Amino acid sequence: RLRHGRPPMLIIDRALMREVLQTSMAVTLVFVSLFVVVSLVNVLAQAAMGEVPARIVFMLLGLQTVKMVGFLLPLALFVGILLTLGRWYRESEMTVLAACGIGLMHFVRPTLLLATGFALVAALFSFYLAPMSSGLITKLKTDTSGQYEAGGIIPGVFNDVRNGKGTYYVERVDKEQGTLGNIFVSTEQSGKEGVLVARSARQYTDKDSGHQYLLLQDGTRYEGSPGQADYSIFQFGQYALRVEPPQVRDPLIRFEALTTPQLLGRESEVDARGEATIPHWRRGLAAEWHWRLSRPVTLFILALLALAFSYSHPRRGRYGGLFLAILMYFVYTNLLSFSDAMLKQGRIPPALGMWWVHGVFLALSIHLLVRRTNNQPLIPLPAFLRR
C-alpha cells in the first residue's frame, strides 16, 4: 500500500532505520552513563590521593568520555539491530513481511546505509576527537603535575608526602580565603624527626625560584631523635615549609595522542626526547593507524553479523541468539586487540595489519547470513542431537 506517495519498500526501510537509530542512541546513552559513573569514581579517588588537582576532575572526565564514545558506537549499533529485528521476529512482523516477499536479505541495504552514517561519526571520533582528547589529557597532567601536592589537600584526612618523608593533616580548608586551619606536619630533616603544629597556613609560589611553599603561622615545632632526650621545642610566628613535587620527566607521547597526519608520516618525532628506536615507533604508528581504521570498518561487519543473529523464535527464549551474538562480538574485538599487540611486536607485517581479522569475520558474517536466509541453523548440530 502506498502512503504519501512513498513505495512500501521505502516505508519499511525507513521504519527499520528509525527504530534501529532510536535503540542504538538509547544503548549509547546507557553505556556512556555507566562509563561516566565508573570514571568519576576513579578520577575522584585520584584527586583524593593528590594525583590530580580537584579543579581538573570534570575536565578529565569529559575528555575520557569523548575517547570512549567512539569505542561504544559499533557496540551500540550492533545491539540496536539485534534488539530491533529481534522484536520484529517475536511480534511476527518479519513473518508477515516474508509472506509479502520481503526476506532478510532486503534489510541488508538499509542496515549498511545506517552503518555508513555511524561509520562517519566513528571516523570523526577515531581520527580526530579521540587523539585530541588523549593529547589534552596528557597535557593537563603534565602542566599540573607540579601542583598536585597542593591541589590534593583534603581536610580531615592524613596524607603521605609524595617523597615518602612525612605526613600532613589539615583540619579545615577555607577555599574563599585560600587558607588552611589547624595544621599538623610530620617531617624528617637531617636525620631528625620533626613535628610542626600550626594554627593556620596558606600556600604560595615564590616568583623568583618558582618553588611552592606552605607558610605555617602561629605554631610550634618539636624536633629530635626517637629514644633520646635531645628534643628541642621552639615557637614561631611564620614557618615556610617547601613543598617538593615529584620530579616531572619529559612525558612519552603515546601513540593514541598523535594526530592523524603524524601517523601518516608527516611527523617523525614520537617521544619528546627522541629515545625510541625507529623500528619500535614505526610499528607503533602502523598499529595505531590500523586500530583507528578498524573502528569504522567494524561497523559494517557487525551490522551483517547482527542481521544473521537477530532471528528470535516466538515460542523460544529470546536471549539465546543475543548471547551468541554478544559472544561473537567479544571474540571479534579480542582478536583485534590481539592483532594490535602482534603489530606492535613486529610479528605481523604492517601491510597485513588487522585486515585478516576483518576478512575472517566478513566471510563468517556472509556465510551466517546466507544460512539464515535459507532458513538453516547458524550452527549445524550433529545428527544424534537433531533426533
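Residues numbered from 1 in each chain as written. Predicted model: local features only at pLDDT ≥ 70, side-chain atom pairs only at ≥ 80, totals over all residues. Heavy atoms only, no water.

1. Some thoughts on the overall build of the protein
Alright, step 1. Assigned secondary structure in the protein consists of 10 helices and 6 strands.
Alright, step 2. The buried share of the protein, taken over its 387 residues, is 39%.
Alright, step 3. If you take every contact in the protein between residues at least 6 apart in sequence, the share linking residues at least 24 apart comes to 59%.
Alright, step 4. Accessible surface, the protein as shown: approximately 22100 Å² in total, 60% of it carbon and sulfur. (Helix = DSSP H or I, 4+ residues; strand = E, 2+ residues; numbered from the N terminus. Buried < 20%, exposed > 50% of the residue type's maximum accessible area, 1.4 Å probe, protein only. Contact = heavy atoms within 4.5 Å. Areas by Shrake-Rupley, 256 points an atom, 1.4 Å probe, with all protein chains shown as cover.)

2. Digging into helix H2 (residues 57-90)
Alright, step 1. Largest kink in H2: about 40 degrees, centred on Leu 72, with the proline Pro 74 one to four residues after it.
Alright, step 2. Count one or two residues on from H2 and you reach Ser 92, which has phi positive near 65 degrees. (Bend = angle between axes of the 7 residues up to and from the residue.)

3. Quick look at the confidence of the model for the protein
For residues with low pLDDT, the predicted coordinates do not support detailed interpretation.
Alright, step 1. Averaged over every residue, the pLDDT of the protein is 77; residues scoring 70 or more account for 75%.
Alright, step 2. The model gives residues 246-252 a pLDDT under 50, and that stretch makes 9 contacts with residues more than four places away or in other chains. (pLDDT = per-residue confidence, 0-100.)

4. Some thoughts on the nonpolar core
Alright, step 1. Counting 56 residues, the largest nonpolar core has Leu 77, Phe 78, Ile 81, Met 94, Phe 107, Leu 305 and Leu 307 as its most contacted members.
Alright, step 2. Listing elements by their share of this core, those giving two or more residues are helix H1 (8-48), H2, helix H3 (93-99), helix H4 (108-143), helix H7 (278-309), helix H8 (320-345) and helix H9 (355-373).
Alright, step 3. Beyond its immediate stretch of four places on either side in the chain, Leu 305 contacts Phe 78, Met 328, Phe 361, Ser 365 and Leu 368.
Alright, step 4. Core analysis: the second largest hydrophobic core is formed by 13 residues, Val 170, Val 185, Leu 216 and Tyr 239 among them. (Core = buried A, V, L, I, M, F, W, Y, C linked by side-chain atoms within 4.5 Å.)

5. What about the side chain of Ser 39?
Alright, step 1. Locating Ser 39 in the fold gives a position in helix H1.
Alright, step 2. Among all residues touching Ser 39, those that are not within four sequence positions of it are Leu 61 and Gln 64.

6. Thoughts on the side chain of Arg 372
Alright, step 1. Relative to the elements of secondary structure, Arg 372 occurs in helix H9.
Alright, step 2. Engagement of the side chain of Arg 372 in a polar contact is seen with the backbone oxygen of Ala 308, the distance being 3.3 Å. (Polar contact = N/O pair within 3.5 Å; in protein donor to acceptor, adjacent residues only side chain to side chain.)

7. Comments concerning H9
Alright, step 1. With 19 residues, H9 extends 26 Å between its outermost C-alpha atoms, agreeing within 8% with the 27 Å of an ideal straight helix rising 1.5 Å per residue.
Alright, step 2. For H9, every residue scored as buried is listed here: Val 357, His 358, Phe 361, Ser 365, Leu 368, Leu 369, Arg 371 and Arg 372. Burial along H9 is one-sided: seen end-on, the buried residues are contained in an arc of 160 degrees.
Alright, step 3. Phi turns positive, to about 60 degrees, at Asn 375, one or two residues after H9. (Expected span 1.5 Å × (residues − 1). Arc of directions from axis to C-beta.)

8. Observations regarding the environment of Phe 125
Alright, step 1. Mapped onto the fold, Phe 125 is located in helix H4.
Alright, step 2. Between the C-alpha atom of Phe 125 and that of Lys 67, which follows or precedes it by 58 residues, the distance is 7.4 Å.
Alright, step 3. Contacts of Phe 125, omitting those with residues within four sequence positions, involve Val 66, Val 69, Gly 70, Leu 73, Ala 130 and Pro 131.

9. Focus: the environment of Leu 368
Alright, step 1. Of note, Leu 368 is situated in helix H9.
Alright, step 2. Leu 368 gets classed as buried once you look at its relative accessible area, which sits at 6%.
Alright, step 3. Taking the C-alpha atoms as reference points, Leu 368 and Phe 309, separated by 59 residues in sequence, lie 8.3 Å from one another.

10. As for the packing of aromatic side chains
Alright, step 1. For the structure on display, the rule yields 6 aromatic pairs.
Alright, step 2. Measuring from ring centre to ring centre gives 6.0 Å for Trp 88 and Phe 107, while their planes differ by 75 degrees; the resulting arrangement is edge-to-face. Linking Trp 88 in helix H2 with Phe 107 in the loop between H3 and H4, this pair joins segments that are 19 residues apart in sequence. There is no split in this pair, since Trp 88 and Phe 107 are both buried.
Alright, step 3. Consider the rings of Tyr 332 and Phe 361, whose centres lie 4.5 Å apart with planes at 20 degrees: the pair is stacked. Residue Tyr 332 is located in helix H8, and its partner Phe 361 is located in helix H9; the two are separated by 29 residues in the primary sequence. Across this residue pair, the class does not change: Tyr 332 and Phe 361 are buried.
Alright, step 4. Through successive ring pairs, a cluster of aromatic residues spans Phe 78, Tyr 329 and Phe 330. (Phe/Tyr/Trp six-rings, centres within 6.5 Å; stacked < 30°, edge-to-face > 60°.)

11. Considering unusual backbone geometry
Alright, step 1. Even without glycine at this site, Asn 182 takes up a positive phi of about 55 degrees.
Alright, step 2. Here Asn 182 falls in the partly exposed class, since its relative accessible area comes to 31%.
Alright, step 3. Phi is positive for Asp 218, which is not a glycine, with a value near 55 degrees.
Alright, step 4. As for its placement among the helices and strands, Asp 218 is situated in strand E5 (residues 212-224).

12. Focus: the pattern of salt bridges
Alright, step 1. Tallied over the entire structure, the rule returns 5 salt bridges.
Alright, step 2. Between Asp 13 and Arg 109 there is a salt bridge, with the nearest N and O atoms lying 3.9 Å from each other. Of this pair, Asp 13 sits in helix H1 while Arg 109 is found in helix H4, placing the two residues 96 residues apart along the sequence.
Alright, step 3. By relative accessible area, which is 7% here, Asp 13 ends up buried.
Alright, step 4. We note a salt bridge from Lys 344 to Asp 340, for which the minimum N-O separation is 3.4 Å. Of the two residues, Lys 344 and Asp 340 both sit in helix H8, 4 residues apart, roughly one turn of that helix. (Salt bridge = Lys/Arg side-chain N within 4 Å of Asp/Glu carboxyl O.)

13. Here we look at the environment of Thr 220
Alright, step 1. Within the secondary structure, Thr 220 is located in strand E5.
Alright, step 2. Residues within four places of Thr 220 in sequence aside, it is in contact with Val 195, Leu 196, Val 197, Ile 233, Phe 234, Gln 235 and Phe 236.

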